[in-house]
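If you want the building blocks of each chain, they are given just below.
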Amino acid sequence: VGWAGWSDAAGQWERVVADGEYRRVRVGLLLADRNGPVGEADLLTFSRAMQALAESALSVTELPPREPALEAAIALDQFCANVDIQIGLNVITRGTVFPGTKIRALAEAAGLTLDADGRFVRRDDDGNVLFTLANQESAGFHAESMKSMSTHGLQLTLDVARVSHGDRVFAQMLELGRRMADVLGGVLVDDNRRPLSEAMLEPFRRQIAQYQSQLAARGFPAGGPLALRLFA
């Protein structure tokens, strides 16, 4: 739920703050995310809560009809499902396992940091995730065990809807994958364990451009605030 209030002083809508005073307030309910479209029960709960709020504040509320909102939620969810893809690259061994110490050194040299989910994460200046580096095996990466652990494979993943300039981010991820394969003595492969040639990479680039263009045309560009909420 997002709250915006009309500021007479500024002459525009602004995010509601605790000490603000507003003659009009807009309250928006997110219609879909990766769990699916909003349901009728949730929409009904929201409507009742807004009515109760208006009554307690001696105000008037304007609520849109629920049926069109539910239809819009389903349509939005279907669109998002069609453009919701992740691009993955894999680095696998040629026989000798990858030591955790080298993995950590390479990841940190490329600007990645460990997160609470056991992945190395590359972030932008605002803290948003650009791409991740995970263990292909069941164990995650953890600071206390990196010195003793090893693995037969690594996975680099880019969440297309959640990053802006996907072509640049893909190039950064690909560069790291190639470097890790070179230094660790592994090979860069696709999900079917086929070594990746330049020709095999081109469809990835086209997919990123295609889906990010569709998101921008719909009004929520990849990596922007709206896309980050929808694809949460």
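Structure shown above.
Residues numbered from 1 in each chain as written. Predicted model: local features only at pLDDT ≥ 70, side-chain atom pairs only at ≥ 80, totals over all residues. Heavy atoms only, no water.

Caption draft 1: Representation of the packing of helix α4 (residues 166-184) against helix α5 (residues 198-218) in the model. At a minimum axis separation of 10 Å, α4 and α5 run at an interaxial angle of 150°. Between α4 and α5, the interaxial angle falls into the category roughly antiparallel. By crossing handedness, the relation of α4 to α5 is classed as right-handed. The residues of α5 that touch α4, namely those facing Gly166, Asp167, Phe170, Leu174 and Arg178, are Glu198, Leu201, Phe204, Arg205, Ile208 and Gln212. (Axes fitted to C-alpha atoms, helices over the stretch in contact; angles between N-to-C directions. Helix = DSSP H or I, 4+ residues; strand = E, 2+ residues; numbered from the N terminus. Parallel < 35°, antiparallel > 145°, perpendicular 65-115°, else oblique. Left-handed = near helix turned anticlockwise from the far one by under 90°. Contact = heavy atoms within 4.5 Å.)

Caption draft 2: View of the packing of helix α1 (residues 40-56) against helix α2 (residues 66-83). It is at 11 Å that the axes of α1 and α2 come closest, and there the two elements cross at 130°. Classified by the interaxial angle, the pair formed by α1 and α2 is oblique. Relative to α2, α1 is oriented so that their crossing is right-handed. Two secondary-structure elements touch here, α1 through Glu40, Leu43, Leu44 and Ser47 and α2 through Arg66, Ala69 and Leu70. For the contact of α1 with α2, the class distribution of residues is 4 nonpolar, 1 polar and 2 charged. (Nonpolar A, V, L, I, M, F, W, Y, C, P; charged D, E, K, R; others polar.)

Caption draft 3: Looking closely at the sheet that holds strand β3 (residues 25-28). Strand order in this open sheet of 3 strands is β2-β1-β3, and the pairing throughout is antiparallel. Either end of the sheet is taken by a strand with one partner, and the two such strands are β2 (12-15) and β3. Strand-to-strand twist across the sheet, computed as the mean angle between neighbouring axes with direction ignored, equals 30°. Strand direction decides the pairing type here: strand β1 (residues 2-7) and β3, joined by 4 bridges, are antiparallel. Counterpart to Gly2 in the pairing with β3 is Gly28. (Pairing = 2+ DSSP bridges.)

Caption draft 4: View of the sheet that holds strand β12 (residues 153-159). The 6 strands are arranged β8-β9-β10-β12-β6-β13 in an open sheet whose pairing can be described as antiparallel. A single partner strand is all that each edge strand has here, and the edge strands are β8 (113-114) and β13 (186-189). Bridging between strand β10 (residues 129-135) and β12 involves 4 bridges; their strand directions are antiparallel. Among the inter-strand pairings, Asn135 is bridged to a residue of β12, identified as Leu154. Together, β9 (120-123), β10 and β12 form the strand contacts of helix α3 (residues 100-109), whose direction differs from that of β9 by roughly 5°.

Caption draft 5: Structural context of a nonpolar patch on the surface. The grouping of Val1, Trp3, Val16, Val25 and Leu53 at the surface amounts to a nonpolar patch, some 430 Å² of accessible area in total. Looking at the secondary structure, you find Val16 in the loop between β2 and β3. (Patch = residues over 30% accessible without salt bridge, like charges linked within 9 Å, V, L, I, M, F, W, Y side chains within 5 Å. Areas by Shrake-Rupley, 256 points an atom, 1.4 Å probe, with all protein chains shown as cover. Salt bridge = Lys/Arg side-chain N within 4 Å of Asp/Glu carboxyl O.)

Caption draft 6: Expanded view of the pattern of salt bridges. Within the structure shown, the criterion is met by 10 salt bridges. Linking Asp159 and Arg34 is a salt bridge whose minimum nitrogen-to-oxygen distance equals 2.8 Å. With a gap of 125 residues between them, Asp159 in strand β12 and Arg34 in the loop between β4 (32-33) and β5 (36-37) connect regions that are remote in the sequence. One network of salt bridges, in which partners are shared, links Arg178, Glu198, Glu202 and Arg205.

Caption draft 7: Structural view of unusual backbone geometry. The backbone of Leu58 shows a phi angle near 55°, a positive value even though the residue is not glycine. Checked against the element boundaries, Leu58 lands in the loop between α1 and α2. A positive phi angle is found at His165, which is not glycine, with a value near 50°. Structurally, the position occupied by His165 is in the loop between β12 and α4.

Caption draft 8: Representation of the nonpolar core within the structure. If you look at the biggest cluster of nonpolar residues, it comprises 47 residues, and the most contacted ones within it are Ile87, Leu89, Ile103, Leu133, Leu154 and Phe170. Going through the elements one at a time, α2, β6 (86-93), α3, β10, β12, α4, α5 and α6 (225-230) are the ones with two or more residues in this core. Ranked by residues supplied to this core, first place goes to α4 with 8 residues. Apart from residues no more than four positions distant in its own chain, Ile87 is found in contact with Leu156, Thr157, Leu158, Val160, Phe170, Met173, Phe204, Gln207 and Ile208. (Core = buried A, V, L, I, M, F, W, Y, C linked by side-chain atoms within 4.5 Å. Buried < 20%, exposed > 50% of the residue type's maximum accessible area, 1.4 Å probe, protein only.)

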